[in-house]
Amino acid sequence: MLPKRKLLLFGLTGLLAIVLLLLPTFAGRFTVFLLYLLFLNVALAQSWNLVGGYTGLISLGHAAFFGIGAYIAAISMGQMDLPFVVAILAGGFLAAIFAVLIAFPTFRFRGVYFAIGTLILAEALRIWMINWEFTGGAQGLRFPIGGLPSLNQFYYMMFAAAVLTTGALVLILNQKLGLGLRAIRDNEGSAQNMGVNVFQTKLMSFALSAFIAGLVGAIHATRLSVIEPYSIFGVSWTIAMINIVIVGGMGTIAGPIVGAIFITFLGEALADFYSVHLMITGLIFILVIRFMPQGIWGWFVDLPFAKSLAGWIGEKPAGVPPAGGS
């Protein structure tokens, strides 16, 4: 039988889920769109958190997976006339396949060299897409007119993506794979000596993370209806994921959710002040790394009245990894 505290937690979570499911029926379009962006940020942050927070692989190339998912969905629907659901899933699967292919050369690197390697590959792919006529080059692609979901339907899809991504991480972390990921993050050599198949474990983490990013990219691109490589493959997507995870708390389930809420609503509050927004976001990022390396969630659960929450919801944040770590 579950403890009363966990029953209370599940009850509050269920109540929140019901409110979010019913929200589009009474909220305005702006509120629905803002929460859509929040769910998008949660899903992408959890995707990167699986690799960066739990496996210790600091990837700077996740924008490539996001962009691949977007373009595969556009090609599938626009040129191959595939159904919407098939196109979205194809975006996730092709992103995962690309991750597997680049894993073989990039996994030879460690620490900052791995990060630079993934960034170079992502930028190379962006330049390729800008010059590839099959995908429209710099002009990009358009989705078919008509038959696309409404804003409310996109809201529910992104809500499902955020919930399923978070749920998948919870399941993984309670399995043998989750123990292997954290062992690799803490000490790759020791993990290998303990019998963890390091390459296979990292590959599974990398591919699953790419699948999630590609799936989210496919959904978001369909909502945009027009995509081009400069923005859809932009490194800003990767920076946003990393920023959310570090600000919220790396290596936890709750951290990326907290970070996504903070960053999404901060961005909306400063939407009319782009330069100020960049400066404030950068300043917050620096201050978090300097004074709260375990993120907002890590700082919160360390407060005397909140310490018990760490045992309710998840493990203590891993914190920002030192430079040169694996």
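Structure report, in brief. As a convention, each chain's residues are numbered from 1 in the sequence order in which they are written. Confidence filtering applies because this is a predicted model: local features only for residues at pLDDT of at least 70, side-chain atom pairs given and counted only at 80 or more, and all residues used for totals across whole chains, interfaces and linings. Each side-chain value is worked out from all heavy atoms of the structure, with water and hydrogens disregarded.

As a further point, take the packing of aromatic side chains. Working definition: rings of Phe, Tyr and Trp (its six-membered ring) pair if their centres are within 6.5 Å, and the pair is stacked with planes under 30 degrees apart, edge-to-face with planes over 60 apart, and tilted otherwise. Scanning all chains against the criterion turns up 18 aromatic pairs. For the ring pair Tyr-71 and Phe-233, a centre distance of 5.6 Å and an interplane angle of 35° mean the geometry is tilted. Taken together, the residues span a long stretch of sequence, with Tyr-71 in helix α3 (residues 62-78) and Phe-233 in the loop between α10 (229-232) and α11 (235-248) at a distance of 162 residues. When accessible area is computed with a 1.4 Å probe and restricted to protein chains, residues below 20% of their type maximum are described as buried, those above 50% as exposed, and intermediate ones as partly exposed. You can call Tyr-71 buried: its relative accessible area is 2%. Between Trp-128 and Trp-132, the ring centres sit 6.0 Å apart and the planes meet at 55°, which makes this aromatic pair tilted. Where helices and strands are cited, they refer to DSSP runs of H or I of at least four residues and of E of at least two residues respectively, numbered from the N terminus.

A separate point is unusual backbone geometry. Phi is positive for Asp-81, close to 55°, though the residue is something other than glycine. Locating Asp-81 in the fold gives a position in the loop between α3 and α4 (84-106). Although it is not a glycine, Ser-225 adopts a positive phi angle of roughly 70°. Locating Ser-225 in the fold gives a position in the loop between α9 (198-224) and β2 (226-227). Exposure remark for Ser-225: the relative accessible area of 27% places this residue in the partly exposed category.

The next subject is the layout of surface pockets. Each pocket or cavity is described by its volume, and for the second largest pocket that value is around 950 Å³. Elements that contribute at least two residues to the lining of the second largest pocket include exactly α2 (29-52), α11, α12 (254-269) and α13 (274-291). For this classification, the nonpolar set comprises Ala, Val, Leu, Ile, Met, Phe, Trp, Tyr, Cys and Pro, the charged set comprises Asp, Glu, Lys and Arg, and every other residue, Gly included, is treated as polar. The class makeup of the residues in the lining of the second largest pocket is 14 nonpolar, 7 polar and 1 charged. In this analysis, the protein atoms alone were mapped onto a 1 Å grid. Cavities are point sets where a 1.4 Å probe fits without being able to get out; pockets are open sets with protein on both sides within 12 Å along at least five of seven lines; lining residues have an atom within 4 Å of a point. Grid points are joined across faces, edges and corners, and a volume is the space filled by probe spheres set on the points.

Inspection of every chain in the model, using the stated rule, returns 1 cavity of 30 Å³ or more. There is about 40 Å³ of room inside the largest cavity. Contributing elements (two or more residues each) for the lining of the largest cavity: α2 and α11. Per-element tally for the lining of the largest cavity: the top contributor is α11, with 4 residues. Split by residue class, the lining of the largest cavity holds 5 nonpolar, 1 polar and no charged.

The subject of this paragraph is a nonpolar patch on the surface. On the surface, Val-85, Leu-89, Phe-93, Leu-94, Ile-97 and Leu-101 cluster together into a nonpolar patch covering about 560 Å² of accessible area. Checked against the element boundaries, Leu-89 lands in helix α4. Residues qualify for a patch when their relative accessible area is over 30% and they have no salt bridge, like charges being joined within 9 Å and the nonpolar side chains of Val, Leu, Ile, Met, Phe, Trp and Tyr within 5 Å. Using the Shrake-Rupley algorithm and a 1.4 Å probe, accessible areas are obtained, with residue cover drawn only from the displayed protein chains. In the sections that follow, a salt bridge refers to a side-chain nitrogen of Lys or Arg positioned within 4 Å of a carboxyl oxygen of Asp or Glu.

The next point concerns the side chain of Thr-118. When you line up the elements, Thr-118 lands in helix α5 (residues 112-131). By definition, residues are in contact when any of their heavy atoms lie within 4.5 Å. In this structure, Thr-118 is in contact with Ile-58, Ser-59, Leu-60, Gly-61 and Thr-106, ignoring residues within four places of it in sequence.

Turning our eyes to something else, we now look at the environment of Ala-269. Here Ala-269 shows up in helix α12. You can call Ala-269 exposed: its relative accessible area is 56%. Separated by 195 residues in the primary sequence, Ala-269 and Ala-74 place their C-alpha atoms 32 Å from one another.

What the rule picks out here adds up to 4 salt bridges. For the salt bridge of Glu-188 with Arg-110, the shortest nitrogen-to-oxygen distance reads 2.9 Å. Placement of the pair is Glu-188 in helix α8 (residues 188-193) and Arg-110 in the loop between α4 and α5, with a sequence separation of 78 residues. Close ionic contact of Asp-186 with Arg-185 constitutes a salt bridge, the shortest N to O distance being 3.3 Å.

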